[in-house]
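Residues per chain are reported as follows:
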Amino acid sequence: MIWNKIESARREDIEALQLKRLQETVTRVYSLTPFYQDKFKELDLTPNDIKTLDDVKKLPFTTKKDLRAHYPFGLFTVPMSEVVRIHSSSGTTGKPTVVGYTQADMDVWDEVMARVYTMAGANSDDIVHNGYGYGLFTGGLGFHNGAAKIGATIVPASGGMTDRQLMLMRDFKATILAATPTFALHMAEVAKKDGVDYLEKYKLKAGIFGAEPTSAGLKAEVKKAWAIDYHEVYGLSEIIGPGVSCSCKHSDLLHVFEDHFLFEIIDPKTGKEVEDGQRGELVITTLTKQALPLLRYRTGDITSITKEPCECGRTMLRMESIVGRADDMLIISGVNVYPSQIEHVIANSSDVSLNYLIIADKKGHLDKLEIQVEVEEDIDFENKELLEKIKKELQHSISNNLYINVAITLEPPHKIERSMGKAVRIIDKRK
Ligand code: DLL
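Here, residues in each chain are numbered from 1, in the same order as that chain's written sequence. Local features in this predicted model are restricted to residues of pLDDT 70 or higher, and side-chain atom pairs are both shown and tallied only at a pLDDT of 80 or more, whereas totals for entire chains, interfaces and linings draw on every residue. Computation of side-chain values covers all heavy atoms of the structure but excludes hydrogens and water.

Asks: Any details on the sheet that holds strand β12 (residues 297–303)? Residues and values, ideally.
Replies: Note: strands within a sheet are paired through backbone hydrogen bonds, in either parallel or antiparallel orientation. DSSP-based pairing: two strands are paired if at least 2 bridges between them are found. Each helix is a run of DSSP H or I of at least 4 residues and each strand a run of E of at least 2, with the numbering of both proceeding from the N terminus. Strands sit in the order β10-β11-β12-β15 across an open sheet of four strands; the sheet is antiparallel. With partners counted over all chains shown, the strands left at the sheet margins are β10 (261–266) and β15 (324–325), one partner each. As judged from the six bridges shared by β10 and strand β11 (residues 280–286), these two strands associate in the antiparallel manner. Looking across to β11, one finds that I266 is bridged to E281.

This is the structure in structure tokens:
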């Protein structure tokens, strides 16, 4: 089922709607935001210069730095009396990024989340176990309101307290699990302690996972551990929260809700558009946001897009699962390494589990990369010969796949700290 017929509209109709909304958004920020007025002046640009969708390239970029520089509400285009909700993403350094919503923005958010749930096969008969964190993070409340929109039963579990969550999931007979993939995997790890037939106690049919880069290997593990359909959702607070795009049952590509978000893929170094189908940094312009409209927001997320039609009948662009973040990319002795590539190698080994940490450091002038990874439960941790063999094999496949040398430290099961939300996988001591 498709929630809104716009999702399967003719491309020319979608593009006509996008152009109209782009022009409205440009006029809005130009007349209401001193920040954009200055930028337009610098570029000798006025809203009248935006005549086609391609003209989006004339517009200035917006970055996280710009949002921080106008902390907290400096880029809002409505008075606070019209703002009904604030969210913020935790800044690892300095001030957080603050975002605001009018009632109309909240309605759009509910709408796109209703599309997400429908894409995952959910409806008012479903019981949604929401393991995304509630609070300033957009995950919990975004999934909460979307479930209300489709009339499903929502269990607002939030993150943490894994044993209790599993009990609720069993007793309430949840059919849909919404959580980060690493938390879903951790839940499965704990659930498995009940014995080989643990799955019989659960009624899950699908999961809606996102908020962190996820390799194909990790997806396969989560899917298998819970025996469910895996749907991936993408989004970011600056743009709306979860609900920018989602995958249907036909492929791993994510359908973009293009009537609200205009996508471009650029080379992060030059800022120029990459060729169709090539990977680059995702740049998003909001088309309907009222409180915080953003032009050409640099997400830092690396992906590619395709206009290839999908069997499900939706006609909107599809994006590849995020490969990594431009700022997560590690440069190890000149070689670009995305953590998801390392995760992929780990996932392909049956001797180690997907609980790992990547640590980059320097030895003298040389970069060095260490991977700490837990062995699977059935590996005898006293068998030094076996451990040596596992290490060698991992080193070999990483150097074959990624062209870098790494040090592997094998850890016993359950040694590495589990994540209840977004996992922290990389420690770069060189920074
Ligand atoms: O993580 C919104 C969200 C909540 C998305 C729940 C999906 C599910 P932020 O906290 O602002 O918002 O973080 C946004 O998370 O720029 C990506 O780097 C990353 N991210 C989000 N979804 C995915 C995904 C939420 N499916 C940042 N795959 C984004 C990979 C993702 N990375």
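Next comes the rest of the write-up.
Asks: An account of the packing of helix α6 (residues 162–171) against helix α7 (residues 181–191) is requested, with residue identities and associated values reported.
Replies: For the pair α6 and α7, interaxial distance at closest approach is 10 Å and the crossing angle is 80°. One finds that α6 runs roughly perpendicular with respect to α7. Contacts from T162, D163, Q165, L166 and M169 of α6 reach α7 at F183, H186, M187, V190 and A191. Each residue belonging to the contact of α6 with α7 can be placed in one class, and the counts come to six nonpolar, three polar and one charged. Convention adopted: a line fitted to C-alpha atoms gives each axis, helices being fitted over their contacting stretch, and angles between N-to-C directions are expressed from 0 to 180 degrees. Should an angle lie under 35 degrees it is considered roughly parallel, over 145 roughly antiparallel, and from 65 to 115 roughly perpendicular; all remaining angles are considered oblique. Contacts between residues were defined by any pair of non-hydrogen atoms, one from each residue, lying within 4.5 Å. Under this grouping Gly is polar, as are all residues other than the nonpolar Ala, Val, Leu, Ile, Met, Phe, Trp, Tyr, Cys and Pro and the charged Asp, Glu, Lys and Arg.

Asks: An account of helix α10 (residues 384–402) is needed here, citing residue identities and associated values.
Replies: An expected span of 1.5 Å times one less than the residue number is assigned to each helix. Compared with an ideal rise of 1.5 Å per residue, which puts 19 residues at 27 Å, α10 spans 27 Å between its outermost C-alpha atoms and is within 8% of the ideal. Throughout, exposure labels follow a simple rule: accessible area from a 1.4 Å probe, protein chains only, divided by the maximum for the residue type, with under 20% read as buried, over 50% as exposed, and the rest as partly exposed. Buried residues of α10: L387, I390, L394, I398 and L402, and no others. Looking down the long axis of α10, one finds its buried residues gathered within 65° of arc, a one-sided arrangement. Facing away from the buried side of α10 by more than 90 degrees, the exposed set consists of E385, K392 and H396. Contact partners of the buried residues in α10: β17 (335–337), α9 (339–347), β18 (352–363), β19 (366–375) and β20 (406–411). Looking at the residues trailing α10, positive phi occurs at Y403, about 60°. The reported arc concerns the directions from the helix axis to the C-beta atoms and nothing else.

Asks: Outline the side chain of R314, supporting the account with residue identities and numerical values.
Replies: Among the secondary structure elements, R314 is positioned in the loop between β13 (305–306) and β14 (318–319). Only 3.1 Å separates the side chain of R314 from the backbone oxygen of M1, close enough to count as a polar contact. Between N or O atoms, a polar contact is any pair within 3.5 Å; within protein, one atom must be a potential hydrogen donor and the other a potential acceptor, and residues adjacent in sequence are included only when both atoms are from side chains. Within the structure, R314 has its side chain in polar contact with the side chain of E7 (distance 3.1 Å). Apart from the residues lying within four places of it in its own chain, the contact partners of R314 are M1, I2, E7, S8, M119, C248 and H255.

Asks: Tell me about the nonpolar core, and name the residues and values.
Replies: The set of buried Ala, Val, Leu, Ile, Met, Phe, Trp, Tyr and Cys residues whose side-chain atoms join them within 4.5 Å is what this entry labels a nonpolar core. Membership of the largest hydrophobic core comes to 68 residues, with the highest contact counts inside it found for L59, Y117, Y234, F261, F263 and I284. No other element matches helix α4 (residues 103–119), which puts nine residues into this core. Apart from the residues lying within four places of it in its own chain, the contact partners of F263 are V244, V256, L282, V283, I284, I305, L317 and M319.

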